[in-house]
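# A structural walkthrough
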Amino acid sequence: MSADPTTSHPGQRPSATAATRPLLLRLLDAPVHWTGLDAVAAPARDLVRAVEPRWLADLLHGTWLGHPLHPVLAQFVVGSWTSAAAVDALSLAGLVPDDLADGADATAAALAGAGVVTALPTIASGWTDWAELHPDQQRLGLVHAASNYTATAVFVASLVQRWRGRTTSARWLSLAGISTATLGAALGGHLSYRWAAGASHAEHVPHVAPEGWHRVAAYDELVVDEPVQGHVGDVPVVVVRTAAGVSVLADSCSHLAGPLSGGRVTREHGEACLVCPWHGSAFRLVDGSVAAGPAVAPQPLLASRVDVDGGVLARVVPLP
Ligand code: FES
């Protein structure tokens, strides 16, 4: 069984072609190599895992939503702050008529405050997702978080200045806040798109596995509730025999590509589930849906049957 990379992945090192990559990309990638952050990351990860009950972690991951909750919440924060900064920029540029100035400041304050309030659950969901990432991703995630905490602090300072009647400095702080939040958003987007945090690591399976029926196991050699690995073409799948029949799912866990064939079968609310050995996501064997996170995306389920020779056959099911 492969080791859990959350604790053992050595981290990717700069490639020989790093110098040829655009400067912006190198800057966004830089935190991945700051291994000194691991001294902070390890105890923080253990703390998050220790204090959160599973139901709360699943709520904050977005398991119930079928989509990571963190980027959904972040839309409210960034949208509110962007709108507040836009109003403040118009005021600073003198484009707001005098009779509308008070209304503009009140609007900017309300938007900045809405962003600060919605930042709280966004931060909680971010930490929850972060605790189940690879070390490389966690380093980048820490810098992403630091940028956004700085932005939150700057917007709070802007609100304080506005409350003290110092509207000009409040407006400038608003612009500083959205600039910092933009940096945080860029790091968050890079973490998701380049470093694949939050993306499904099983979505490709229906696209790359060859069509038609393929023998993946011998039925008589399967032990009830003991997963084994098979292959459809070159694509690994996990085969599980239960009292109800045989299930075949993609072997690469949708969370971070852990090997489900190294997992175990359990029962969640009476339903047979396959539990990933890396971070404990549970997938229902009947349809591949998520019973427990940190995974949020379902596990691709293949059609399966037992032929007359006792072979377990599996076939990729076209996406609905
Ligand atoms: S790889 Fe994280 S739960 Fe499977």
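If you're wondering where the values come from, they're calculated on a predicted model, not measured in any experiment. Residue numbering note: each chain is counted from 1, following its sequence as written. In view of the model being predicted, local features appear only for residues whose pLDDT reaches at least 70, and side-chain atom pairs are presented and counted only at 80 or more, with totals across whole chains, interfaces and linings using the full set of residues. For side-chain calculations, the full set of non-hydrogen atoms in the structure is used, while hydrogens and water are omitted.

Right, let's talk about the overall build of the protein for a bit. A run of DSSP states H or I qualifies as a helix once it reaches four residues; a run of E qualifies as a strand once it reaches two. Both are numbered from the N-terminal end. Along the protein, the regular secondary structure elements total nine helices and ten strands. Summary of the burial criterion: residues with accessible area below 20% of their type's maximum are buried, those above 50% are exposed, and those between are partly exposed, where the area comes from a 1.4 Å probe applied to protein chains only. Of all 320 residues assigned to the protein, the portion counted as buried reaches 47%. Contacts are assigned to residue pairs with any non-hydrogen atoms lying within 4.5 Å of each other. Taking contacts inside the protein between residues at least 6 apart in sequence as the whole, the part at least 24 apart equals 60%. A 1.4 Å probe and the Shrake-Rupley method give the accessible areas. Residues count as covered only by the protein chains that appear here. For the protein, the accessible area works out to roughly 15,600 Å², and carbon and sulfur atoms hold 63% of it.

Quick look at helix 6 (residues 101-130) now. Expected span, for any helix, means 1.5 Å times one less than how many residues it has. Here helix 6 contains 30 residues, and its C-alpha end-to-end distance of 42 Å stays within 8% of the 44 Å for a straight helix at 1.5 Å per residue. Taking the largest bend as the criterion, helix 6 deviates by roughly 30°, centred on Ala 119, and proline Pro 121 comes between one and four positions later. Here the bend at each residue means the angle between axes fitted to two seven-residue stretches, the one ending at that residue and the one beginning there.

The next thing to look at is the pattern of salt bridges. A pairing counts as a salt bridge when a side-chain nitrogen of Lys or Arg comes within 4 Å of a carboxyl oxygen of Asp or Glu. Counting across every chain of the model gives ten salt bridges. Where Arg 49 meets Glu 132, a salt bridge forms, and the shortest distance between an N and an O atom there is 3.1 Å. With Arg 49 in helix 3 (residues 38-51) and Glu 132 in the loop between helix 6 and helix 7 (135-163), this residue pair connects regions lying 83 residues apart in the sequence. Residue classification places Arg 49 among the partly exposed positions, given a relative accessible area of 33%. Glu 132 sits in the buried class, given a relative accessible area of 13%. Its salt-bridge partner being Glu 268, residue Arg 54 comes within 3.0 Å of it at the nearest N-O pair. Placement of the pair is Arg 54 in helix 4 (residues 54-61) and Glu 268 in strand 5 (residues 264-268), with a sequence separation of 214 residues. On the basis of relative accessible area, Glu 268 is assigned to the buried category, the value being 15%. A cluster of three or more residues bridged by salt bridges with shared partners is formed by Asp 88, Asp 105, Arg 162 and Arg 171.

What follows deals with the pairing of strand 6 (residues 271-275). Here a strand pair is declared whenever DSSP counts at least two bridges between the two strands. Relative to strand 6, strand 5 runs antiparallel, the two being bridged by five bridges. Note on strand 6: the bridge partner recorded for Thr 266 is Cys 273. Once strand 5 ends, the chain turns through two residues before running back antiparallel as strand 6, passing His 269 with a positive phi of about 55°. Here strand 6 runs beside strand 7 (residues 282-284); their pairing, made up of three bridges, is antiparallel. Paired with Val 275 across the bridge in strand 7 is Ala 282. Connecting the antiparallel pair strand 6 and strand 7 is a turn made up of six residues, with Gly 280 showing a positive phi of about 85°.

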